[in-house]
Number of protein chains: 2
Amino acid sequence: MTATRPADLMDVRATNLALVLRHVRVHAPCSRADIATATGLNKATVSSLVTELIERRLLRESGLVGSRIGRPATMLTLEGRPYAAIGIEIAADHLNAVAVDFTGTRLLTWRRAAPGPDAPPGRTVAAVAALAARVVGKVTGQGRTVLGLTLGAPEGAVEGLAALLNRSLHDPAFEVVVEPAAVLAALADQRERPGCTDLVHLHGGIGVTAGIIADGRPLRGGRVGHLVVDPGGAECACGRRGCLDLDLGLPGLVRGVLGEVDVPDWGAAVERIVALAQAGDATTVGALTAAGARLGVAVQTLADVLDPEVVLLGGVLAPLAPWLVPAATAGLGRRPVVAPSTVEPNAVALGGAALAFARLEEGALPATS
Amino acid sequence: MTATRPADLMDVRATNLALVLRHVRVHAPCSRADIATATGLNKATVSSLVTELIERRLLRESGLVGSRIGRPATMLTLEGRPYAAIGIEIAADHLNAVAVDFTGTRLLTWRRAAPGPDAPPGRTVAAVAALAARVVGKVTGQGRTVLGLTLGAPEGAVEGLAALLNRSLHDPAFEVVVEPAAVLAALADQRERPGCTDLVHLHGGIGVTAGIIADGRPLRGGRVGHLVVDPGGAECACGRRGCLDLDLGLPGLVRGVLGEVDVPDWGAAVERIVALAQAGDATTVGALTAAGARLGVAVQTLADVLDPEVVLLGGVLAPLAPWLVPAATAGLGRRPVVAPSTVEPNAVALGGAALAFARLEEGALPATS
């Protein structure tokens, strides 16, 4: 249903500025006339909007292109230099950070060891804040203005983190937002698939969570870790039996495939699983096939309830996808497609950075300098 | 994400007309000054919008109300007389039709026997068209203009029905839309709960389907009939075991509770189940409790994936709710609330009629006469 906010002339201007930005992002390089044709706005309006966007340093002119009829047109493209957005992921035992400019160009990709999931929140926040401060220092040292920082955290840890992080960063001028990791990863996947309105990103970490894009927009929910995928399976701490997390969460996955319980480094354990599977180790491939079948039960449930076009495997599920997907899709119809996310291992951090620019493309433009 | 359509001045006018209509629907009677205060539009704009809506016979002045300061204000309310919208449900073995006016007043509620789910589509369409023609005749005979007709059908039957129905009604001037029954029922529930943005309507008929409202908007999906709720259960035609439909769809429900296989009249069978349960028949209550536990597994899955505030039981599940809900909610937390829909037995038809007016309140106003 329509929002209940009244439309006024400022809204019209902001809506149309955002419309031009989105058009150029997808179609650059393009001319003012191209924008007018594609959006239905008249040429004088487009010229005025483009002038403002150039003044705000979001667009720039990129040269002349001759056309078969009329004089050469000045082409427009996104301006990458002035702004940056930052995304940071709190993963199982490390932090991922990326900074991107407005054209989508990656400015840096850092991975740092971090306190694990059992560490007190204060230590995790301190580690995130220290990393964030270094990323901010790096990009501002390049002369860029940071437009936003988004932190992707396990679903249960989201509450309160933004306030803590703001304080640790001494209330920066840019917006600090905390979102569930899987939702950010789904937004990053969506950016790679402009025509896709319904997708799910299944994010594997200590537990499995789902980021859901339905009808083009992120949804709440996505707590798939306790979907029952093995009714005769072991009892879960939640009181049910055979929950998805028992087989596909990192502790269960590593125990089930490698037989190891006390794991000092999740990343290294996953790498060993991949190496064994690539070498054709029958036990490993068999265990991954069994896990894939369990994953398939959850995928089937998501297909029934949400009917997504595609289910993308992320986090630690991404490198294991070659062995999980065949079993996971054995009972499915043609929809959904199940595939590894193409933006891993940085889906969460990239989705976080993209979210800051998405707010800009919804009309929240930075002030003119 | 924002729509990619440009905003122009006509959009602003239509958006604001719709905004005023929605405000009056919720807050009538109210004055022009009330509308200006609540919407943030200036008083001259509100006066102009109200004048147009009175000309279009969507609002009317309902008298003067004195205030403590200043002169008495003219109050506005929705105009019910000129327009009607029609909703028709194809239920298991009957049709439900309602017509409502723009104020939400029910103009008629008809129930007619209909070909069952195994009848050829042509017979069902003919029965719907005959009923629709009589409803249209009735309300146009009262001097009303029909703004739209929405048919609620089982999910699999939606495709192609609108074209057939349009032809049978000789391409009427109003819009004919066919939507999944459960989605319409969910829209009707949502209209009863203005603040609720996330709800699911579980609609019981030959099969069980879900109408999902997420973040205020209806979603695709909702195929819950084959969620596995009893992993050791009987094999389903879909290839899985223990699907929800086997226990909660009408044939399975009536067989499980009454032990009857060849049922000539589903409505009468459900009435007998209710009568037995009300009389405290232990076998009946036990069978409904078992079915309720299976329903609870599906509700838990919906809670995990979608996190709705409330799950409403509709169709044949509504009259059985007193015996299904306790078992269905035994393992759930405080959210979602599970309760019978308050708009049954006409949720689907009322949702269909509401949809026609919802399009109006999104800016698709009828032409001035």
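Notes on the structure in this doc start here. (Residues numbered from 1 in each chain as written. Chains lettered and ligands numbered in written order. Predicted model: local features only at pLDDT ≥ 70, side-chain atom pairs only at ≥ 80, totals over all residues. Heavy atoms only, no water.)

Describing the overall build of chain A
Here comes step 1: The helix and strand tally for chain A stands at 12 helices and 13 strands.
Here comes step 2: For a compact globule of 369 residues, the expected C-alpha radius of gyration is about 21 Å, and chain A comes in at 23 Å, within 12% of that figure.
Here comes step 3: If you line up chain A on its principal axes, its C-alpha atoms span 70 × 50 × 45 Å.
Here comes step 4: Counting every position in chain A, which comprises 369 residues, the buried fraction comes to 54%.
Here comes step 5: The long-range share in chain A, meaning contacts at least 24 apart out of those at least 6 apart in sequence, stands at 61%.
Here comes step 6: With the model as given, the accessible surface of chain A reaches about 15900 Å², and the carbon-plus-sulfur share is 53%.
Here comes step 7: Here chain A contributes 33 positively and 35 negatively charged side chains, and the mean placements of these two sets differ by 7 Å. (Helix = DSSP H or I, 4+ residues; strand = E, 2+ residues; numbered from the N terminus. Rg over C-alpha atoms; globule rule 2.2 N^0.38 Å. Buried < 20%, exposed > 50% of the residue type's maximum accessible area, 1.4 Å probe, protein only. Contact = heavy atoms within 4.5 Å. Areas by Shrake-Rupley, 256 points an atom, 1.4 Å probe, with all protein chains shown as cover. Lys, Arg positive; Asp, Glu negative; His and termini not counted. Charge placed at Lys NZ, Arg CZ, Asp CG, Glu CD.)

Observations concerning the interface of chain A and chain B
Here comes step 1: Between chain A and chain B, the residue contacts involve 43 residues of the former and 43 residues of the latter.
Here comes step 2: Counting the surface lost from both chain A and chain B, the interface buries some 3800 Å², and carbon and sulfur atoms represent 55% of this.
Here comes step 3: Residue Arg223 of chain A is joined to Asp307 of chain B by a salt bridge in which the shortest nitrogen-to-oxygen separation is 3.8 Å.
Here comes step 4: Taken together, the links from chain A to chain B amount to 14 residue pairs in polar contact (both at pLDDT 80 or more).
Here comes step 5: Among the secondary structure elements, those contributing two or more residues to the side of chain A that touches chain B are helix 1 (9–27), strand 10 (208–214) and helix 10 (282–306) of chain A.
Here comes step 6: Per-element accounting of the side of chain A that touches chain B gives the leading share, 7 residues, to helix 10 of chain A.
Here comes step 7: When grouped by side-chain class, the residues that make up the side of chain A that touches chain B number 20 nonpolar, 11 polar and 12 charged. (Buried area = accessible area lost by both parts, 1.4 Å probe. Salt bridge = Lys/Arg side-chain N within 4 Å of Asp/Glu carboxyl O. Polar contact = N/O pair within 3.5 Å; in protein donor to acceptor, adjacent residues only side chain to side chain. Nonpolar A, V, L, I, M, F, W, Y, C, P; charged D, E, K, R; others polar.)

Some points on the sheet that holds strand 2 (residues 59–65) of chain A
Residues and elements named next belong to chain A.
Here comes step 1: Taking strand neighbours across the sheet as the criterion, the 3 strands line up as 1-3-2 in an open arrangement whose pairing is antiparallel. Looking at strand neighbours, the two that pair on one side only are strand 1 (30–31) and strand 2, the edges of this open sheet.
Here comes step 2: Helix 3 (residues 43–55) contacts strand 2 and strand 3 (73–78) of the sheet and is inclined by roughly 120° relative to strand 2. (Pairing = 2+ DSSP bridges. Axes fitted to C-alpha atoms, helices over the stretch in contact; angles between N-to-C directions.)

Quick notes on the pairing of strand 7 (residues 145–153) of chain A
Two faces, one strand: in a regular strand the side chains alternate between the faces of the sheet.
All names here are of chain A.
Here comes step 1: Most of strand 7 sits out of view: 8 of its 9 residues are buried.
Here comes step 2: Judged from the 6 bridges that link them, strand 7 and strand 8 (residues 175–180) form a sheet pairing that is parallel. Note that in strand 8 the partner of Ala153 across the bridge is Pro180.
Here comes step 3: Handedness of the crossover joining strand 7 and strand 8 through helix 5 (residues 161–168): right-handed. (Right-handed = clockwise from strand over helix to strand, strands pointing away.)

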